[in-house]
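Observations on the three-dimensional arrangement
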Amino acid sequence: MDAERPAKRKRREMATVTSGAGRCLPSKARVSRQPPPARVRVAVRLRPFVDRTANDSPCVQGLDSCSLEIANWRNRQETLKYQFDAFYGERSSQQDVYAGSVQPILRHLLEGQNASVLAYGPTGAGKTHTMLGSPEQPGVIPRALMDLLQLTREEGAEGRAWALSVTMSYLEIYQEKVLDLLEPASGDLVIREDCRGNILIPGLTQKPIISFADFEQHFLPASRNRTVGATRLNQRSSRSHAVLLVKVEQRERLAPFRQREGKLYLIDLAGSEDNRRTGNKGLRLKESGAINTSLFVLGKVVDALNQGLPRVPYRDSKLTRLLQDSLGGSAHSILIANIAPERRFYLDTVTALNFAARSKEVINRPFTNESLQPHVLAPVQLSQKELLGSAAKRARGPEEEAGSPEPPAAPASASQEMGPLQKLSSMDPAMLERLLSLDRLLGSQGSQGTPLLNTPRRQRMVLMKTVEEKDMEIKMLKVKQKELEAKMLAQEAMDPKEKENSPPARLRPLSRHTVTVAKPLKRAVVMPLQLLQEQAPSPSAEIHILKKKGRKRKLESLCASEPEEKAEEGWEPQISPELLAHGRQKILDLLNKGSARDLRNLQRIGQKKAQLIVGWRELHGPFSQVEDLERVEGISGKQMESFLKANILGFAAGHPCGS
């Protein structure tokens with residue numbers, strides 16, 4: 001495995017550098033100046049045998065401080081050799097691992113750069129022991145915090161150029177949920193990314209720490225909140241990925257008042273599990289599936305970075321989304337792969353070694369996170385007198401300024417620094433006052449750089465362009481002001497009588513969307529043709545027929561000589577009372593003498609209602625009038641009205657509607 005071709009390795013590094021270079025830059029202005037690459041450093045730690053009495057031979061053997069060999073499962077006569085940045089055997093101590101791999105990267109935090117330490121390996125390989133350790137043998141996390149706090153105290157002492165502060169956050173990723181271990185009640189948190197590509201977690205608790213006692217006060221209770229469970233291979237198996245985030249902020253005490261921010265990620269990954277050996281069931285099986293899925297996505301990210309693919313699947317898992325800065329990002333990364341020596345863990349050991357071999361090909365590009373402090377960039381607060389004076393200057397027109405006997409004098413302290421901008425006589429007074437106040441502030445605080453107003457040519461041109469745009473806006477506002485004043489003078493010059501006679505000015509209503517109200521639908525009654533022919537000669541009756549022309553319907557009067565009128569909203573047409581009485585009598589006869597089959601010929605009467613009518617007639621006797629139909633159970637007043645509408649006209653014309 002260590003006999004890889006140099007040309008192939010070089011192509012992988014070049015592809016990774018090309019794909020991941022621009023993503024980790026702090027701003028677009030630094031695209032041309034890419035930071036130098038830094039490869040992910042990989043160390044392998046071999047834990048001792050858990051049970052020496054068991055008949056299980058070792059499958060891994062260390063060769064030197066950087067290489068090891070493992071038996072080849074395809075051919076037992078051969079061995080597979082791996083070479084890494086460091087190899088720690090069974091007898092290595094916690095101090096050896098920390099001093100050899102982790103301690104050298106702490107200095108980068110004081111330079112405003114990021115660093116990360118990841119513990120990877122199968123379940124039961126000793127990842128949590130490497131990161132946390134025990135009171136007798138502390139691991140990477142307590143040792144790193146102790147040294148980091150000591151460094152910050154030394155560098156941030158009185159008289160030094162920088163003031164330092166340290167904060168900590170502790171979280172776990174349990175079944176694709178980001179949980180705050182310092183505040184467990186906060187619930188699932190979201191992972192965001194700012195405009196510079198930095199990964200953020202809004203709502204994550206940050207605790208300031210000054211000494212190691214402060215760290216223990218917050219860290220030990222939070223560690224008990226982490227999700228653990230018992231399996232066949234480990235009585236306290238980690239069921240989540242734990243991430244300790246330590247942030248170091250630096251503020252410069254003297255000009256130019258820069259600030260730096262470095263982050264340290266200490267990550268204890270949950271181990272991959274073979275459910276056939278762990279015996280996971282129920283909740284443990286679900287947890288194991290989430291762990292294996294996130295580790296599988298982690299392997300896909302490493303492969304995509306090595307192959308130089310255009311898309312790296314960081315967003316496929318919460319774990320890889322959080323490790324975006326550690327793999328292919330801007331951090332100095334250390335991967336500690338923990339493996340087991342027993343032959344029964346052979347497949348897990350080979351898988352971990354292959355992942356570690358691929359990870360050492362990943363290229364990161366660390367850079368310094370540096371910016372100016374916010375109070376330097378904040379706008380200068382002018383006093384009330386200065387604001388009133390600048391407002392009065394803007395209110396006066398150019399004629400008043402030209403006729404004024406005393407022109408406004410510029411501050412004497414800035415007369416020498418006004419060289420490149422003295423020609424800009426039309427500058428906005430408020431903007432000029434702010435520039436001068438900021439320049440005086442920087443001069444009083446001992447700025448050794450170039451004065452603010454003596455900017456280079458490119459920045460000066462940008463400033464002049466901004467000033468010209470402001471001048472154009474002021475001129476347009478002055479023109480509008482003159483137009484309004486002219487209108488006001490014209491209104492004042494009007495005759496008082498005309499003012500009295502003139503109607504009061506009304507405000508123009510706001511333009512609104514026109515709302516169309518639907519017209520009420522006209523109602524038409526379908527009548528038999530014989531009834532229409534009988535009533536057509538009647539001069540007092542006006543009956544409309546609904547004719548269809550294309551897709552529109554129009555009401556036309558049968559009497560061409562009479563004008564068209566709106567149809568009445570009532571349902572009964574204007575016919576003689578004799579015909580209506582005749583129709584009602586026929587319906588009454590059918591209700592009293594007809595069978596259920598005859599009743600079904602009526603409109604609005606089905607099988608059920610016909611049987612109800614016959615049953616009521618047998619119990620209570622014949623109907624005295626048509627309106628007695630409402631007394632039948634199941635027939636309401638509305639149904640009675642629709643029944644009369646549908647049937648009485650047909651019977652009045654001598655043709656039953658159901659026939």
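The name that an unreviewed UniProt entry assigns to the protein chain is Kinesin-like protein, with the source organism given as Echinops telfairi. The record in UniProt for the protein chain states the following under Subcellular location (unreviewed entry): "Cytoplasm, Cytoskeleton". Under the heading Function (unreviewed entry), UniProt records this for the protein chain: "Kinesin family member that is involved in spindle formation and the movements of chromosomes during mitosis and meiosis. Binds to microtubules and to DNA. Plays a role in congression of laterally attached chromosomes in NDC80-depleted cells."

With respect to the helices and strands, the residue Ala-610 is situated in helix H19 (residues 607-620). Sequence spacing of Ala-610 and Leu-591 is 19 residues, and the spatial spacing of their C-alpha atoms is 9.3 Å. Setting aside residues no more than four positions away along its own chain, Ala-610 makes contact with Ala-596, Leu-599, Arg-600 and Ile-605.

A word on the sheet that holds strand S4 (residues 67-71). Strand pairing within a sheet occurs via backbone hydrogen bonds; the two strands may be parallel or antiparallel. Overall, antiparallel pairing links the 3 strands, which are arranged S3-S4-S5 in an open sheet. The strands lining the two open edges of the sheet, one partner per strand, are strand S3 (60-62) and strand S5 (79-83). Each strand of the sheet is rotated relative to its neighbour by a mean of 25°, with strand direction disregarded. By the bridge criterion, 3 bridges tie S3 to S4 in an arrangement that is antiparallel. Of the residues in S4, the one forming a bridge with Val-60 is Ile-70. Contacts from helix H9 (residues 346-359) reach S3, S4 and S5 within the one sheet, and its direction differs from that of S4 by about 140°.

Over its 16 residues, helix H4 (residues 140-155) runs 22 Å from end to end, which matches the ideal 22 Å to within 8%, given 1.5 Å per residue. Among all positions of H4, only Val-140, Ile-141, Pro-142, Arg-143, Ala-144, Leu-145, Leu-148, Leu-149, Leu-151 and Thr-152 are buried.

Following the criterion strictly, the structure yields 16 salt bridges and no others. One salt bridge in this structure joins Glu-155 and Arg-107, with 3.7 Å as the shortest N-O distance. Pair noted here: Glu-155 is in helix H4 and Arg-107 is in the loop between helix H2 (94-102) and strand S7 (114-120), with a separation of 48 residues, a long-range link. For Glu-155, a relative accessible area of 28% translates into the label partly exposed. One salt bridge connects Asp-268 with Arg-226, and the closest N-O pair in it is separated by 2.9 Å. Here Arg-226 lies in the loop between helix H5 (212-224) and strand S14 (228-229) and Asp-268 lies in strand S17 (residues 258-268), a separation of 42 residues in the sequence.

Between H2 and H4, whose axes approach to 10 Å, the crossing angle comes to 55°. With respect to their mutual orientation, H2 and H4 come out oblique. H2 and H4 meet at a crossing whose hand is right-handed. Residue-level inspection shows Gln-94, Gln-95, Tyr-98 and Val-102 of H2 in contact with H4, the latter providing Val-140, Arg-143, Ala-144 and Asp-147. Looking at side-chain class alone, the contact of H2 with H4 contains 4 nonpolar, 2 polar and 2 charged residues.

Another point: helix H7 (residues 283-307). Spanning 25 residues, H7 covers 37 Å between terminal C-alpha atoms, matching the ideal 36 Å at 1.5 Å per step. One or two residues past the end of H7 sits Gly-308, with phi positive at roughly 70°.

Trans is the prevailing form of peptide bonds, just as negative phi is the prevailing case for residues other than glycine. With an omega of 10°, the peptide bond between Ala-255 and Pro-256 qualifies as cis. Structurally, the position occupied by Pro-256 is in the loop between strand S16 (241-252) and S17. The residue Gln-175 is not glycine, and still its phi comes out positive at about 55°. With respect to the secondary-structure elements, Gln-175 resides in the loop between strand S8 (162-173) and strand S9 (178-180). Given a relative accessible area of 22%, Gln-175 falls into the partly exposed group. A positive phi angle is found at Phe-257, which is not glycine, with a value near 55°. Turning to its location among the elements, Phe-257 is positioned in the loop between S16 and S17.

About the thresholds
- Residues numbered from 1 in each chain as written.
- Predicted model: local features only at pLDDT ≥ 70, side-chain atom pairs only at ≥ 80, totals over all residues.
- Heavy atoms only, no water.
- UniProt positions renumbered as here; feature names shortened; annotations may be inferred.
- Helix = DSSP H or I, 4+ residues; strand = E, 2+ residues; numbered from the N terminus.
- Contact = heavy atoms within 4.5 Å.
- Pairing = 2+ DSSP bridges.
- Axes fitted to C-alpha atoms, helices over the stretch in contact; angles between N-to-C directions.
- Expected span 1.5 Å × (residues − 1).
- Buried < 20%, exposed > 50% of the residue type's maximum accessible area, 1.4 Å probe, protein only.
- Salt bridge = Lys/Arg side-chain N within 4 Å of Asp/Glu carboxyl O.
- Parallel < 35°, antiparallel > 145°, perpendicular 65-115°, else oblique.
- Left-handed = near helix turned anticlockwise from the far one by under 90°.
- Nonpolar A, V, L, I, M, F, W, Y, C, P; charged D, E, K, R; others polar.

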